[in-house]
Amino acid sequence: MNNLKLGVDVVSAHNLLPKDGQGSSDAFVELYFDGQRFRSTIKEKDLNPVWNESFYFNISDPSNLHYLTLEAYVYNNVKATHSRSFLGKISVTGNSFVPYSDAVVLHYPLEKRGIFSRVRGELGLKVYITDDPTIKSSTPMPASESLTEQDPGLAQTQGVSAPGMSSFRSEKSQARHTFHHLPNPVQESQHLHHASAAPDTHYVSKHEADQMKSEQQPAKLVRMYSASASQPVDYALKETSPYLGGGRVVGGRVIHGDKTASTYDLVERMYFLYVRVVKARELPAMDVTGSLDPFVEARIGNYRGITKHYEKQQNPVWNQVFAFSKDRMQASVLEVVVKDKDLLKDDFVGIVRFDINEVPLRVPPDSPLAPEWYRLADKKGEKIKGELMLAVWIGTQADEAFSDAWHSDAATPVDSSPGASAVIRSKVYHAPRLWYVRVNVIEAQDLFATEKNRFPDAYVKVQIGNQVMKTKTLQARNLNPLWNEDLLFVASEPFEDHLVISVEDRVGPGKDEILGRVILPLNSVDRRADDRMIHSRWFNLEKPVAVDVDQLKKEKFSSRIHLRVCLDGGYHVLDESTHYSSDLRPTAKQLWRPAIGVLELGILNAVGLHPMKTRDGRGTSDTYCVAKYGHKWVRTRTLVDNLCPKYNEQYTWEVFDPSTVLTVGVFDKSQLGDKDSNGHKDLKIGKVRIRISTLESGRIYTHSYPLLVLHPTGVKKMGELHLAIRFSCTSFVNMLYTYSKPLLPKMHYVRPFNVMQLDMLRHQAVNIVAARLGRAEPPLRKEVVEYMSDVDSHLWSMRRSKANFFRLMTVFSGVFAIGKWFTDICMWKNPITTVLVHVLFLMLVFFPELILPTAFLYMFLIGVWNFRYRPRYPPHMNTKISQADLVHPDELDEEFDTFPTSRNPELVRMRYDRLRSVAGRIQTVVGDVATQGERLQALLSWRDPRATALFVTFCLIAALVMYVTPFQVVAALAGFFMMRHPRFRHRMPSAPINFFRRLPARTDSML
């Protein structure tokens, strides 16, 4: 039975529009959801009514919840005519519904019903989903009070729009394209409180035998260059035309072949021989004890997969899947052997053989192949006692068994145990939901120091896990210190750490004593999604250690502390570099907007990888890819001993903001092979960043990205990564609307953090995400998370400083070019152009209303002209823009230095002197800019009385002249004077410039 209900707490309204003719309103609220309608009580003569009433709607179909909308209408009750007048409405989409534990009161601004409606104010609601069976649905309104009788106009609007919306939703749900990631097709059960869209379905087209055996043609490479920032050809982006699941990609479009398109159309189709070993029964006894320790070995050619063994078990159950890459098969017979584990040599029990040419092909969405019992045979082929349950089929990476299978192309030759194969499988990770914890330490009362003759020098220390912050130390002359400081922390769900608040006394240098402590579970802390004030509370301080009973009797008062603690859900917790953010949504799910599109990523292959280790006297790599976007991290399977790995795995993300970045990194697994390699870090090979806003909707981008990494010896190409990317826009209007909204949530602008706080909180957030993902199986190691999150991007680098300076010069290059062009006009280098500029200038002076239209038309024509030369590929890392091609080795060594430094003092002194010289130049430039501004202020400050008198006299004369002279004449004369012929110019500076340079500045007051 479905107990799922939607709870709506109608809390209050604020600043409603008066509608009763007496400056007030008799307000009530009507709620509409899924064909059900409820009404609150009427609050008479109140523009700020408070209801605090709860209503519960039945949810008929939880799978359709995301397509439903809760509507709340606020009306004014008109007693005289038994009617009502409209005060405002709000709509809450199903994407915003959250469980009761996450729900907070949100104050929604009231919206208009039509163009001519006049509304104002806010409505406070708390909307949540609950499955509590003790809660009964509210009683619906009687049919006699139907919407048609009460408000015909509204009923007509509702009656017309509701069927249209329902039919639109049904058509949309039927025609909606469902995406899946390959390694883990939808097997995850959704929580009861997160009723989502319709269940996912798989579709893979029919395959023919000749297509399975055909060789793919090599992809054609088209080299892409950037004219503005050219770099070596080997470092440039390359466009490819590979054969993917949907056909061949040419120019970003799919040219379908003979085969029909597949849902997984961004990867090359790979075929695997799947072997599912389920269980065995009645195995013959092999030991003198009358039992055996069985395990199964599946082998084809040189590849073999081994299950775990069970001790003294004649009816073992394994339920393990092996996947053998069909491209690497060197035999036509599959052998599944049952063996008995022994100390010296494993004993043969029985064997089952399969001819690969007779193995069936399974294509999802077909149901999984049913396993069958097979009689074991001896080495001669004679049937013996014992049976083995197996399922053998040929499938692609779209098979649901792909993600959990042991893979032959990912098997390590040094360790083929099930435990080692579990570490190198492909997985999907979800980063924890992060919250900002704000602790406002206000004051404390009745603090007693251990020494009777002194007042405590108290401060407050707050700790969450490994995060510790302290207030300033107050040397108060009383027992009631006042701090009123805000301390900020980062916490992740589920909340495992408690908030520990301790008041300590600074007894002496390096010696502190705890006066009292409070421990608060984070689950009990109030949550908010806006800047509403949270009520403060007093907490009694507890002694951290046991005290004497007599001492307790003497103490009449308990020390206490005044705090205001809340979980701020209106912020987006920055856990990555702000320049490469992959998610900008706030923590509170009620504030999330609907998705604007879907991002699909196909990780095809890597070529020419640089060897990262030596094995058996030759260079090799054990590589895997990690992709990060939003809360979802994905990791491909680790391909062992392969410098040209083929991954062919496809993943999907929902896109909520186009101004976000997808990051894909390639790493080498360092924990395989050597027994003492578990402490080694995974080595970074390179990464690729792709900004979603630079992608055209519906276009498939197939490019080979060079993996460029900066080493202490310089920039180095570690190989190339072949990706296929497609961004599909599901709501073009919502996407355009996103460009008008702030980049970050509202709270970042209402109560912003300073730069120091942002850096500290970001560092804490990255550590929390790394610790949580490191606890998964297989773990995403800390060095991987830090590299993908650009954790060191804020540290000083001479190379980055030069790159940013030249970027700034490039931005102002247009201004410099216009200045140079105007100088040439003034110098009459091209008389014809100068005369035409004079004519245009006269037209704009005497017709000033043409200035803005001309400027906008000029920019429009430039944009239309540049459309022909628009970039056809995503931007990629550029060594010239990054100043990595000509960087000095010592600057690279400084960039790779640890923080704090680990270099010898002489080298640090040399770098410090170099930094002082650079800072001295910047200091001079800043001083010159300040000097010019102070000279402007000195024009009217009478600091130089003669200069100010001259300027004031000039202003009076100019005012009188311009009162009697038309502005067009003055502007024309000034323009002609600026563009006068060089014959009428002097090489010496003009009088106004000389006058300005003689004005005083505050440089005389500098020490």
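### Thoughts on a nonpolar patch on the surface
Judged by side-chain polarity, Phe 805, Phe 806, Leu 808, Met 809, Val 811, Phe 812, Val 815 and Phe 816 come together as a nonpolar surface patch covering roughly 790 Å² of accessible area. For the nonpolar patch, the secondary structure elements donating two or more residues are α10 (798–811) and α11 (813–826). Ranked by the residues each element gives to the nonpolar patch, the list is headed by α10, at five residues. If you trace the backbone, Phe 805 turns up in helix α10. Accessibility expressed as a relative area gives 48% for Phe 805, which makes it partly exposed.

### Some remarks on the sheet that holds strand β25 (residues 458–464)
In space, the four strands of this open sheet follow the order β26-β25-β28-β29, with antiparallel pairing throughout. Of all the strands in the sheet, just β26 (467–470) and β29 (511–521) have a single pairing partner and so form its edges. Each strand axis lies, on average, 20° off the axis of its neighbour in the sheet, ignoring direction. Bridge count between β25 and β26: four bridges; the pairing is antiparallel. Bridge pairing in β26 places Lys 461 opposite Lys 470.

### Side note on the packing of aromatic side chains
Summed over all chains, the structure comprises 29 aromatic pairs. Geometrically, the ring pair formed by Phe 272 and Tyr 274 is tilted, given 6.2 Å between the ring centres and 50° between the ring planes. We classify Phe 272 as buried; its relative accessible area is 1%. Ring geometry for Tyr 571 and Phe 753: centres 4.6 Å apart, planes at 20°, overall stacked. Of this pair, Tyr 571 sits in the loop between β32 (560–568) and β33 (597–607) while Phe 753 sits in the loop between α7 (747–750) and α8 (755–773), and the two are 182 residues apart along the sequence. Each member of the aromatic cluster is reached from another via a ring pair, and the members are Phe 28, Tyr 32, Tyr 73, Tyr 75 and Phe 86. The cationic tip of Lys 687 hangs over the ring face of Tyr 787; the distance from NZ or CZ to the ring centre is 4.3 Å. When the ring centre of Tyr 701 is taken as reference, the NZ or CZ atom of Arg 699 above it lies at 5.1 Å.

### Some thoughts on the nonpolar core
Generally speaking, soluble globular proteins have nonpolar side chains that are buried together. By size, the foremost hydrophobic cluster in this structure holds 61 residues, and its most contacted members are Leu 599, Leu 601, Trp 633, Trp 653, Leu 721, Leu 723 and Ile 725. If sequence neighbours within four positions are ignored, Leu 601 has contacts with Leu 266, Ala 627, Glu 649, Gln 650, Tyr 651, Trp 653, Leu 662, Val 664, Leu 723, Ala 724 and Ile 725. Membership of the second largest hydrophobic core comes to 36 residues, among which are Val 10, Val 29, Phe 57 and Val 127.

### Some remarks on the sheet that holds strand β39 (residues 661–668)
The strands making up a sheet associate through hydrogen bonds between their backbones, and the pairing can be parallel or antiparallel. Reading across from one edge, β23-β37-β36-β39-β40 is the order of the five strands in this open sheet, with antiparallel pairing throughout. Two strands bound the open sheet, and with one partner strand each, they are β23 (427–430) and β40 (683–691). Geometrically, the sheet is characterised by an average inter-axis angle of 15° between neighbouring strands, direction not taken into account. Relative to strand β37 (residues 632–635), β23 runs antiparallel, the two sharing four bridges. Opposite Val 428, over in β37, you have Val 634 as the bridge partner.

### Some remarks on helix α12 (residues 831–846)
Between its first and last C-alpha, α12 extends 23 Å over 16 residues, near the 22 Å set by a 1.5 Å rise per residue. If you check which residues of α12 are buried, you get Thr 834, Val 837, His 838 and Val 845. For α12, the angular spread of buried residues about the axis comes to 105°, placing them on one side. Pointing more than 90 degrees away from the buried face of α12 are the exposed residues Ile 832 and Leu 836. Against α11 and α17 (967–978) lie the buried residues of α12.

### Quick notes on the pairing of β25
Across the seven residues that make up β25, a large majority, five, are buried. Relative to strand β28 (residues 498–508), β25 runs antiparallel, the two being bridged by seven bridges. Its bridge partner lying in β28, Val 462 is registered against Ile 501. The hairpin formed by β25 and β26 contains two residues between the paired strands, and Gly 465 there has a positive phi angle of roughly 60°.

Cut-off values and rules
- Residues numbered from 1 in each chain as written.
- Predicted model: local features only at pLDDT ≥ 70, side-chain atom pairs only at ≥ 80, totals over all residues.
- Heavy atoms only, no water.
- Patch = residues over 30% accessible without salt bridge, like charges linked within 9 Å, V, L, I, M, F, W, Y side chains within 5 Å.
- Areas by Shrake-Rupley, 256 points an atom, 1.4 Å probe, with all protein chains shown as cover.
- Salt bridge = Lys/Arg side-chain N within 4 Å of Asp/Glu carboxyl O.
- Helix = DSSP H or I, 4+ residues; strand = E, 2+ residues; numbered from the N terminus.
- Buried < 20%, exposed > 50% of the residue type's maximum accessible area, 1.4 Å probe, protein only.
- Pairing = 2+ DSSP bridges.
- Axes fitted to C-alpha atoms, helices over the stretch in contact; angles between N-to-C directions.
- Phe/Tyr/Trp six-rings, centres within 6.5 Å; stacked < 30°, edge-to-face > 60°.
- Lys NZ or Arg CZ within 6 Å of the ring centre and 35° of its normal.
- Core = buried A, V, L, I, M, F, W, Y, C linked by side-chain atoms within 4.5 Å.
- Contact = heavy atoms within 4.5 Å.
- Expected span 1.5 Å × (residues − 1).
- Arc of directions from axis to C-beta.

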